[in-house]
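One letter stands for each residue in the lines below.
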Amino acid sequence: MLDKSFNPQAVEAAISKKWEDKKLFACHPESDKPGFCIVIPPPNVTGNLHIGHALNNSIQDVLARYKRMKGFDVLWQPGMDHAGIATQMVVERMLGKQGISRHDLGREKFVEKVWEWKQEYGGQILNQLHRLGCSADWDRTRFTMDDGLSRAVRQIFVQMYKDGLIYKDKRLVNWDSKLQTAISDLEVVQKETVGKMWYFKYQVEKDPSETIMIGTTRPETLFGDTAVAVSADDERYKHLIGKNVLIPIINKPIPVVADEHADPTKGTGAVKITPAHDFNDFEVGKRHNLPMVNILDRFSKLNENVPEKYRGMEPLEARPLVLEDIKALGLYDHEEDNPMTIPHGDRSDVIIEPWLTDQWFVDTPKLAATAIEVIENGESRFVPKNWENGYFEWMRHMQPWCISRQLWWGHRIPVWYAPDGTQFCEITEKEALRAAEKYFGHPVELTQDPDVLDTWFSSGLWAFSTLGWPDETPELKKYYPTSVLVTGFDIIPFWVARMLMMSMYVMKQVPFKDIFIHGLVRDEHGQKMSKSKGNGIDPLQMCDKYGTDAVRYALLAQAGHGRDVLVGDTTIENARNFITKIWNAVKFCEMNNCHLDPSFNPGTIRLTLNKWIVTRLAEAVEKIGAAIETYSFNDATGTLYHFIWGTFCDRYLEAIKPIFYGSNPEDQAETRATVALVRDSLLQVIQPFMPFLAETLWTETETRSQMIMETTWPELKAYKDETAAKQIDWLFDLIGAVRSVRAEVNIPAATKISLKIKGATADQQDQIQNQAVLIQTLARVESFEFANEPITGVISEVFDGMTLQIPLLGVIDVEAEKARLIKEIENQSAFVERTKIQLENQAFIAKAPEKIVSAKRLSMEEAAKSVEKMRDVLAHLS
């Protein structure tokens, strides 16, 4: 006997253990089943589950569970990223509490400490994904620094180096002066502020009476200027192109160059060019072969390339002094407030400086062409398709990828240097020593490059390295290319693009056939979640409060194409209420002795009502499957919700009560068997979405030989009877029309009525008489008759050519109802008039958000319709 209600906290851990003990998540590369593979976007080893992870992994789990039921051999490949900067920071903080720095330990001992931390504390997020019910093949968990993946990283680095695709160069990078390393764009956060734009003049060399004015937000960088750029079409400055101007304070001559970067319509139309400290200026500098003057050291302090009085200062410290000196020279003009963003390190929170330094780069512009082509020709596709536009834009303007990091934790760059600086790139030090001996003709001592690789380099190989590459494994043969990548839009350029480039370079095949991009998880008001707003949601706390299935369903119910997901207590509570509805429906089935009948054949069902529910179930199952296949998870859950709540519970279970309470054993047996079939099919269909609920009800309702996730997806198409289904649909529409009339005149729900039906055809009369009990039960009709003569004292509704008439004498107080309607018409009419005046007020329209305006217009239209309807009813009553 089922408990009164579902208690997820009491069953989730035990169910998870059974799944894993039975190895139900395991793939079987040796099987004849077709393969289906998803690689998990590897979470950081330092990470904890956030609501975005919950959405992303719930989607993947639906796909994995569904495909297993459809007969696929599923590999959902789990793993973790070593998270270079994040992990090194965590361990450094831990050591700092003991008064130890990494430099006290030295590199080798420090890395040992990081591995110790990883073994003891790392990977908490994988345990949290277990809690979410994720059915990944956990025994195959990979780590971006495990032996196999490390071997793949080294081999690909060496291959790309020897193919000329990896090289060392002096270029601008995002420099974090606190962490003392280059960082990726993804690790930079832009903080909005209102700064200043300062305007001052550069004098023309040999003619100090003529000047050119520039505006800048960073006057202290003028010591690194190597040109002033203007537009070739700007008549104000054409005569200065090719001449020199003098940098204020140091009087250093620099050229005026014509460049597209200068926009005549912005500012003064003249731009100071500081190639070593601005990414746009760097490109201008390359186009004009300008010197690159680095004025900052690795601690982001002004260096020896500035006048002595400023050396050792931080830029913000030097700025007011520079401005004072410019003013003293009479070259200062004015300043303006300037809304702007300033880049900060997401972990260090220091200002990130563009800094010119020697780093390792991948020649991604060369790799981009193939990665663009495979999206254009459909070998791999974005879902929704519109995401490919941003992808193409980014790929076609791609800069070389800085892959070196000045850290100790990570994949050490496999390059060794001879005493004269000659580079030797090999997979192992032993091979590098042999290559050096061959090159020099004698043994030489080599020193390995101290840098490590950007974490995104190893994760860029994730789709094939996790399957065993460079070895030719059964997994690689069966599951590559993988079936789908599920990810957020924010890492398309950082991860998706790099996986496509690296995979095409190494494997000559796309890494995945589909790329499903889901929306952002926001709070219930549509606001982005953040610590500062205090509107974040801990998914595990929500799992404790409402159950894991409720959290999953609340997220999946909104996971459509191009839609953000709004979630909070209300949405999760609504999901829990749906779970309660399912539980109570199954409990009703149990209470009415609905069990599987081994001899039951759905193809031999006699009762039209039972044919109807099986037909509509078959349609729902097909729609849900099709929605999952197209990544329309909101449509899948919507179909599930409407079928269970509306069709199954509110219609079918109510309609069969007279059969259960009747005295026809044959009808009862067929109906009980049909209910059990529908129940089991529904449990199988909800299993990918709400696995703990499905498994609990599956186990508790019958004696089973297998767990529900071992069963197959329901196949019911052969049992569809559309003719019977349409007959019952028609009857439910008729019942709905009668209920609507009852509601219009406030007939109490418990009051039984007489129903007079005028103008029914012979076929309509047959349908109504054949299902008389159904109509009487659900429409609360005591008696009905077919009549063609006019009847007075009735309220009526036209339905499918018939007139449904309800005599009101003795049913309601007609005069009281007329008075109520008159008052309500007055109230609603007044509301319509007030709203109309407000919507005609242009000042209101200009200020009010579009959502508010639309909502008011919709409310007014609905109220106007309601007034017309009430007037019709009042006319009938009069």
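Treat the numbers as computed from the prediction; the structure is a model and nothing was measured.

Undergrad: Provide a residue-level description of the packing of helix α3 (residues 84-96) against helix α5 (residues 107-121), including the pertinent values.
TA: The N-to-C vectors of α3 and α5 enclose an angle of 100°; their axes lie 10 Å apart at closest approach. In terms of their interaxial angle, α3 and α5 are classed as roughly perpendicular. From α3, T87, Q88, V90, V91, E92, M94 and L95 reach across to α5, where they touch F110, K113, V114 and W117.

Undergrad: Let's hear about the environment of R287: which residues, and what values?
TA: Within the secondary structure, R287 is located in helix α8 (residues 279-287). On the basis of relative accessible area, R287 is assigned to the partly exposed category, the value being 45%. Spatially, the C-alpha atom of R287 lies 55 Å from that of A26, the residues being 261 residues apart in sequence. When near neighbours in sequence (up to four residues on either side) are disregarded, R287 contacts D259, E260 and H261. Reaching out from R287, the side chain makes a polar contact with the side chain of D259 at a distance of 2.8 Å.

Undergrad: Give me the lowdown on unusual backbone geometry, citing residues and values where you can.
TA: Looking along the chain, the bond that leaves W469 and enters P470 is cis, with omega of 15°. With respect to the element layout, P470 can be found in the loop between α14 (462-465) and α15 (474-479). Along the chain, Y480 connects to P481 via a cis peptide bond; the corresponding omega equals 0°. Tracing the chain through its elements places P481 in the loop between α15 and β22 (482-488). Backbone geometry places K508, a non-glycine residue, at a positive phi of 60°.

Undergrad: Residues and numbers for the pattern of salt bridges, please.
TA: Considering all chains together, one arrives at 60 salt bridges under this definition. Close ionic contact of R606 with E670 constitutes a salt bridge, the shortest N to O distance being 3.7 Å. Here R606, found in the loop between α19 (569-591) and α20 (608-629), pairs with E670, found in helix α23 (residues 665-686); they are 64 residues apart in sequence, far enough to count as distant. Given the relative accessible area of 38%, R606 is considered partly exposed. Take E670: its relative accessible area is 10%, and that puts it in the buried class. With its nearest N and O atoms 2.8 Å apart, the salt bridge here joins E619 to R616. In this pair, E619 and R616 both sit in helix α20, 3 residues apart, roughly one turn of the helix. Residue classification places R616 among the buried residues on the basis of a relative accessible area of 12%. Where salt bridges share partners, they join R218, E220, R319 and E353 into one cluster.

Undergrad: Before we move on, could you go through the sheet that holds strand β6 (residues 181-183) and cite the residues and values that matter?
TA: Strand order in this open sheet of 4 strands is β6-β5-β14-β16, and the pairing throughout is antiparallel. Pairing within the sheet leaves two strands with one partner each, and these edge strands are β6 and β16 (401-402). Examined bridge by bridge, strand β14 (residues 353-362) and β16 share 2 bridges and lie antiparallel to one another. Paired with V362 across the bridge in β16 is W401.

Rules behind the numbers
Residues numbered from 1 in each chain as written. Predicted model: local features only at pLDDT ≥ 70, side-chain atom pairs only at ≥ 80, totals over all residues. Heavy atoms only, no water. Axes fitted to C-alpha atoms, helices over the stretch in contact; angles between N-to-C directions. Helix = DSSP H or I, 4+ residues; strand = E, 2+ residues; numbered from the N terminus. Parallel < 35°, antiparallel > 145°, perpendicular 65-115°, else oblique. Contact = heavy atoms within 4.5 Å. Buried < 20%, exposed > 50% of the residue type's maximum accessible area, 1.4 Å probe, protein only. Polar contact = N/O pair within 3.5 Å; in protein donor to acceptor, adjacent residues only side chain to side chain. Salt bridge = Lys/Arg side-chain N within 4 Å of Asp/Glu carboxyl O. Pairing = 2+ DSSP bridges.

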